[in-house]
Structures are given as C-alpha cells and as structure tokens.
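# Summary of structural features
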Amino acid sequence: MMGFLFKIVNFDLFENILYIIKFMKLLFILFLITTFISSNIIIADEDSENCSIKNVPTEERVFSNNFSGVFNGKRLEYTASLKEKILYEKDNPSEPMASFFYTEYIVDSDKNRPVIFSFNGGPGSASLWLHMGVLGPKVIKVPSDASDDGSAPYKIVDNKLSPLSDADLVFIDPIGTGYSRAIGCHDSEEFWGVSEDPKIIAEFIRRWINDNKRWNSPRYILGESYGGIRGPLLVSELRSGSITPIEVNGLLMVAPASDYQYLVFHPGNNSPHYGFLPSYAATAYYHGKIETDKSLQEFYEDSKKFSLEVYGPALLKGTRISEDEKNSVMKQYSEFTGLSLRFVEDFDMRVDPSSFRKELLRDEGYSVGRLDSRYKNSDYMAGGQYPDTDVSSEGFMSAYVSAIHTWFSEIGVEMKMLYQSGDYDVYSSWKHPQEWKGNDFGYVNTVPDIARAQRYNKDFKVYVSCGLYDLATPCFTAENFMYDNTVDMSRVVFSEFEAGHMMYNHQPSFDRFLKEIREFIVND
C-alpha cells in the first residue's frame with residue numbers, strides 16, 4: 001500500500017513540476033513578446049521624434065531688400081523678399097509638414113492694398129514665369145517675334161507697367177517647385193494631386209493673410225495653365241473648405257486648362273477637335289499657309305464659326321454623316337488649317353496638335369511650337385509624325401531661369417539648394433482622381449467652381465486671357481468650357497491675344513495684358 005501511495009505522490013509531483021515548467025515557458029515567451037513590442041514602440045516613437053525635426057529649419061528663412069521704382073506713373077518704395085513659411089498639421093499644430101517659399105513685394109501703406117496671389121501651372125512648375133515674365137517689378141525680355149533667346153547675358157529691365165502700382169504681389173511656389181519642400185514626417189507626394197494641392201495652398205494663403213494682418217485687404221487669385229484647375233479649386237477651398245472661410249474678390253486665369261474634356265485627345269472625345277481648330281487656323285495664317293484677303297481676326301472668327309456650326313456637328317454624326325457632307329467638311333477643314341486634303345482624309349478629319357505641328361511646315365523642313373506656334377525649327381529628321389520637342393519652350397526657358405537667379409541675388413538671396421523651376425517628377429506623380437464629382441472616369445472640370453463662387457459672392461469676378469497661337473490650351477477651348485458650365489459671362493472679362501500660351505512674351509500683348517490686369521483690380 002505504501003509503495004502504491006508513494007508512486008501516486010511521485011506521479012502528482014512530476015505532473016506539478018511539468019505544469020510549472022510549462023507555465024514558466026509561457027511567462028518567458030510573454031516576456032519576450034512584451035519586450036519586443038515595447039522596443040518597437042520606443043523605436044517608432046524615436047523615429048517619429050526624429051522625423052518631426054527632419055529638414056525643419058530652426059527658424060523661417062527670410063531674404064529682403066528695399067527698392068524704389070515707378071510703376072504706372074507712381075513712384076513707390078517697396079520691399080522685395082524671398083521668404084519661407086512653415087505650415088503645420090491642422091490637428092497637431094506642433095508637427096511641421098511643409099516649407100513654402102514665396103516671393104513677395106510689399107508697398108508700405110496705411111490702406112488695405114489689394115493682394116494678388118500668383119502661381120504657374122504644370123503641375124510641377126514654379127512661379128518664375130509669371131513673376132519674371134510679366135507681373136514683377138523686374139522682367140526678362142525675350143524676342144517678341146518668336147525667335148530664339150540665345151545665350152546670356154539676357155535683358156532684364158524695370159517693369160513700369162507692373163500691377164505693384166495698385167496691389168501687393170505674392171508669388172507662390174507649390175511643394176516640389178522652387179525651394180518649397182515637404183518637411184518633418186511628410187513626403188512631397190502627399191501634396192501632389194488635384195484634390196490635395198489646393199488644400200495646402202489655401203492653408204498657406206490663410207497663414208500669409210493672418211501673419212501680415214491683411215484680413216480686410218481685397219484678395220485676387222492669378223494662375224496660368226494648370227492654374228486654371230488650381231485656381232477655381234483654391235477659390236472653393238478658401239470660401240468653404242476645411243479652413244476659416246475667406247472670400248476672394250476675383251480670379252484671373254491665364255491660358256487656363258480648366259476642363260480636361262476640352263484638352264485631352266481620347267477616342268470618342270470630339271470636344272478638343274473643334275476647340276483646337278481655330279488655333280490651327282491662326283497658326284496656318286501666321287505662317288503663310290492660307291490663301292485669303294481677310295485679316296487674321298476675320299479669318300479666326302470664321303474658323304470659330306465653322307468649328308461650332310459645321311465641324312463640331314459633323315463629328316457628332318460619326319459614321320451617320322453622308323459622304324457628300326463629309327467631303328465638304330474635310331475640304332473646308334483643309335482650307336482653314338493649311339493641311340493637305342489627303343492628310344485630313346487620312347486622319348478622318350481628327351488631327352491631334354502634335355501631328356499638326358509636324359505637318360504644317362513639313363514641306364519647308366520645320367515643325368512649329370506647342371506653347372507658341374509662331375516659333376518654328378527643324379527636327380533631327382523631317383520624316384515622322386511628331387516633332388522632336390516644343391521649339392517654343394526651347395526659345396525662352398533659359399532666359400527666365402537666368403533672370404530669376406539674377407534678381408534673387410539683388411534681393412540678397414543665399415540658398416545652396418536647387419531652385420526647381422520645373423519638375424517632371426511632380427507632373428508624373430500628380431494624382432488625378434479617377435472618379436471626379438461622382439462621374440466614373442470623368443474628366444477633371446473645375447469651371448463649376450467658378451459658377452458657384454459667382455452665385456454666392458456678388459462681388460466675385462473673373463478675367464480670362466488666352467493666345468491665338470497656343471496649341472497647349474487654345475483660346476476656343478477656354479471659350480467653350482466657360483460657356484458650357486453655367487458661368488455668368490457678363491461678369492467675365494474674356495481677352496484674346498495674337499500670341500502664345502505666355503502671351504506676355506509678345507510685347508504688344510504684354511502691354512495690353514498688364515493694362516487689363518490693372519483695370520480689373522482698380523475698377524473693383
């Protein structure tokens with residue numbers, strides 16, 4: 001019996017020891033897991049703390065100098081500055097997210113002077129084009145006749161017509177352009193997108209207004225090219241977005257790309273075809289490919305009438321069009337564009353702008369420009385369907401980049417980092433919503449934002465300028481999308497110029513453009 005009991009006791013003891021060992025193993029495993037998690041949390045916290053100060057300057061950088069000048073007959077003392085503004089997360093005001101650099105021109109005044117916030121497009125372009133091309137107190141002069149700008153030294157002159165006479169100027173370089181960059185725990189890509197971009201720029205404008213105590217100054221938004229997308233969205237974001245409501249007095253759009261349906265050449269989308277044709281006609285007229293006794297303006301108006309009343313409806317008919325009608329339309333198309341009838345037939349009267357630029361002067365061995373079709377130059381090969389490059393961009397870009405750096409040195413700017421005048425990475429990484437305003441696969445269209453601002457702000461007005469020789473965002477496309485989106489055109493100044501995308505590169509257009517800008521601001 002005792003032996004039996006001893007066996008039972010030993011068995012129970014053995015079981016208890018096994019249980020204790022298993023329990024200790026479990027505790028050890030739990031200890032390791034807890035230690036691992038705690039370590040990772042500590043590391044994550046350290047990483048977070050480290051990234052919070054990543055690329056964050058100890059203080060906002062400022063470079064300033066005082067100047068004087070005569071603008072529109074007014075002698076003014078003004079301060080020119082390149083400044084940095086650090087923006088912080090909305091829900092975590094101690095966390096920096098973006099370093100915005102901008103150039104401002106401020107005239108000391110007791111009045112609430114108007115302020116013009118200006119930017120270029122791209123997306124991925126800095127503001128130097130509008131800044132040094134037309135609006136700033138100093139401007140670069142490239143050949144007005146569409147000849148090449150050559151090499152330095154370039155001609156930088158006082159801009160006696162600058163709107164600085166009547167408004168302070170703020171030139172914004174969006175994140176990824178100029179010196180502006182994402183900082184802290186944020187990446188630049190977070191701010192690159194149709195929806196993302198206006199939010200961060202709206203926050204910059206709010207900060208600028210608040211920091212400069214300019215809450216009662218009239219405010220204007222001026223954008224070029226993609227600025228026709230950014231501008232209307234920015235107006236909406238300022239008016240009724242996620243920050244303090246800020247009304248805008250006016251929106252100025254230069255060569256706007258506001259509705260992609262009128263600009264993107266996709267199969268089945270006819271809107272760009274009848275929108276671009278009048279600029280094809282103006283280009284052909286300029287290069288002597290048209291037989292007519294009419295003036296450019298008369299011929300251009302005829303081409304718009306043909307596009308709207310004959311060509312557009314013919315495209316809508318598709319294969320339902322009769323052979324006789326199609327032959328008649330193609331003949332007229334050929335006569336308006338300077339292209340051969342055979343070429344028009346081969347393209348089924350749907351010629352894209354790159355093919356037009358290559359074909360128009362093929363017999364002379366030239367292609368024409370995209371941003372400004374007055375420019376022409378030879379390609380590596382005369383054959384092929386498309387030009388090698390945009391000869392108009394080649395004709396002036398170097399002069400602008402040299403001008404901005406020359407002027408910055410006079411202001412006293414000392415920066416080691418690259419001033420990004422344009423960045424293809426920004427352009428190629430830009431997020432375009434596949435679904436736009438509830439429409440699957442819809443084209444981005446911001447013109448309704450203009451109409452909405454008109455409805456709910458009785459003082460809101462619009463200025464649109466465009467160039468007849470612009471084969472990127474043609475005049476007639478802008479005219480079409482403005483009339484196609486319930487905009488009150490009685491409150492819109494629509495101005496056409498015998499120039500290209502950057503109409504201010506053409507001296508007569510430069511003069512008239514600035515006269516109209518001043519009238520738009522002064523007569524508010």
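Let us look at the overall build of the protein chain. In terms of regular secondary structure, the protein chain is built from 15 helices and 16 strands. In the protein chain, buried positions account for 53% of the 524 residues. Sequence separation of 24 or more characterises 71% of the internal contacts of the protein chain that already satisfy a separation of 6 or more. With the model as given, the accessible surface of the protein chain reaches about 24600 Å², and the carbon-plus-sulfur share is 53%.

So, about helix α3 (residues 196–211). The first and last C-alpha atoms of α3 sit 23 Å apart over 16 residues, in line with the 22 Å expected at 1.5 Å per residue. Of all the 16 residues making up α3, twelve are buried; the element is thus mostly covered by neighbouring parts of the structure. Considered for burial, the residues of α3 that qualify are D197, P198, I200, I201, A202, E203, F204, I205, R206, R207, W208 and I209. If you follow the buried residues of α3, they end up packed against β2 (74–88), β3 (96–107), β4 (115–119), β7 (168–173), β9 (219–224) and α4 (227–240).

Time to look at the side chain of H273. Mapped onto the secondary structure, H273 falls in helix α5 (residues 271–286). Owing to a relative accessible area of 9%, H273 belongs among the buried residues under this scheme. The contacts of H273, once residues within four sequence positions are left out, are F265, Y311, L315, R350 and V351.

Moving on: the environment of N457. Along the polypeptide, N457 turns up in the loop between α13 (447–456) and β15 (461–467). For N457, a relative accessible area of 10% gives the class buried. In sequence terms N457 and E247 are 210 residues apart; their C-alpha atoms lie 7.7 Å from each other. Those residues in contact with N457 that lie beyond four places of it in its chain are E247, V248 and R491. From its side chain, N457 meets the backbone nitrogen of D459 in a polar contact 3.0 Å long.

The subject of this paragraph is the packing of helix α2 (residues 128–135) against helix α15 (residues 507–522). Between α2 and α15, the shortest axis-to-axis distance is 11 Å and the interhelical angle comes to 100°. Judged on the interaxial angle alone, α15 and α2 are roughly perpendicular. Together, G133, V134 and L135 of α2 and F510, F513 and L514 of α15 make up the contact between the two elements.

Put simply, the protein chain has an average pLDDT of 90, and 88% of its residues get 70 or more. Note that pLDDT drops below 50 for residues 41–47; the model gives that stretch zero contacts with residues more than four away or on any other chain.

All right, on to a negative patch on the surface then. Judged by side-chain charge, D187, E189, E190 and D425 come together as a negatively charged surface patch. By the secondary structure assignment, E190 is in the loop between β8 (181–182) and α3. Classification of E190 as partly exposed rests on a relative accessible area of 36%.

In this structure, I205, I221 and M482 are the most contacted members of the largest nonpolar core, which totals 81 residues. Counting residues per element, this core draws most heavily on α3, at seven residues. With sequence-adjacent residues up to four places away left out, I205 is seen in contact with F117, I172, I221, L234 and L238. In this structure, V139, L164, Y179 and I517 belong to the second largest nonpolar core, which totals 59 residues.

If you want to describe how two helices pack, look at the angle between their axes and the distance between the axes. The contact between α5 and helix α7 (residues 323–337) brings their axes to 7 Å, and the two run at 50°. Judged on the interaxial angle alone, α7 and α5 are oblique. Where α5 abuts α7, its residues L277, Y280, A281 and A284 lie against Y333, F336 and T337. For the contact of α5 with α7, the class distribution of residues is six nonpolar, one polar and no charged.

A complete count under the given rule lists 31 salt bridges for this structure. In this structure, the salt-bridge partner of D166 is R518, at a minimum N-O distance of 2.6 Å. With D166 in the loop between β6 (155–158) and β7 and R518 in helix α15, this pair connects stretches of sequence that are 352 residues apart. Take D166: its relative accessible area is 14%, and that puts it in the buried class. The closest approach of N and O atoms between D346 and R342, which form a salt bridge, is 3.1 Å.

Leave glycine aside and you will find that most residues have negative phi; peptide bonds, for their part, are mostly trans. Residue P123 follows G122 across a cis peptide bond; omega there is -5°. When you line up the elements, P123 lands in the loop between β4 and α2. Between A152 and P153 the backbone carries a cis peptide bond, its omega angle lying at 5°. Examined against the element boundaries, P153 turns out to sit in the loop between β5 (138–141) and β6. With a phi angle near 50°, N72 is a residue other than glycine that sits in the positive phi range. By the secondary structure assignment, N72 is in the loop between β1 (62–71) and β2. When its relative accessible area of 23% is taken as the criterion, N72 is described as partly exposed. The phi dihedral of S225 falls on the positive side, at around 60°, and the residue is not glycine. Structurally, the position occupied by S225 is in the loop between β9 and α4.

Here we take up the pairing of β7. With six of its six residues buried, β7 lies for the most part within the structure. Burial of the side chains of β7 extends over both faces: D168, V170 and I172 are buried on one face and L169, F171 and D173 on the other. With five bridges joining them, β3 and β7 adopt antiparallel strand pairing. Across the sheet, the residue bridging to E104 is V170, located in β7. Bridge analysis of β4 against β7 gives four bridges, and the strand direction is parallel. From the neighbouring strand, F117 faces β7, where its bridge partner is V170.

Parameters at a glance
- Residues numbered from 1 in each chain as written.
- Predicted model: local features only at pLDDT ≥ 70, side-chain atom pairs only at ≥ 80, totals over all residues.
- Heavy atoms only, no water.
- Helix = DSSP H or I, 4+ residues; strand = E, 2+ residues; numbered from the N terminus.
- Buried < 20%, exposed > 50% of the residue type's maximum accessible area, 1.4 Å probe, protein only.
- Contact = heavy atoms within 4.5 Å.
- Areas by Shrake-Rupley, 256 points an atom, 1.4 Å probe, with all protein chains shown as cover.
- Expected span 1.5 Å × (residues − 1).
- Polar contact = N/O pair within 3.5 Å; in protein donor to acceptor, adjacent residues only side chain to side chain.
- Axes fitted to C-alpha atoms, helices over the stretch in contact; angles between N-to-C directions.
- Parallel < 35°, antiparallel > 145°, perpendicular 65-115°, else oblique.
- pLDDT = per-residue confidence, 0-100.
- Patch = residues over 30% accessible without salt bridge, like charges linked within 9 Å, V, L, I, M, F, W, Y side chains within 5 Å.
- Salt bridge = Lys/Arg side-chain N within 4 Å of Asp/Glu carboxyl O.
- Lys, Arg positive; Asp, Glu negative; His and termini not counted.
- Charge placed at Lys NZ, Arg CZ, Asp CG, Glu CD.
- Core = buried A, V, L, I, M, F, W, Y, C linked by side-chain atoms within 4.5 Å.
- Nonpolar A, V, L, I, M, F, W, Y, C, P; charged D, E, K, R; others polar.
- Pairing = 2+ DSSP bridges.

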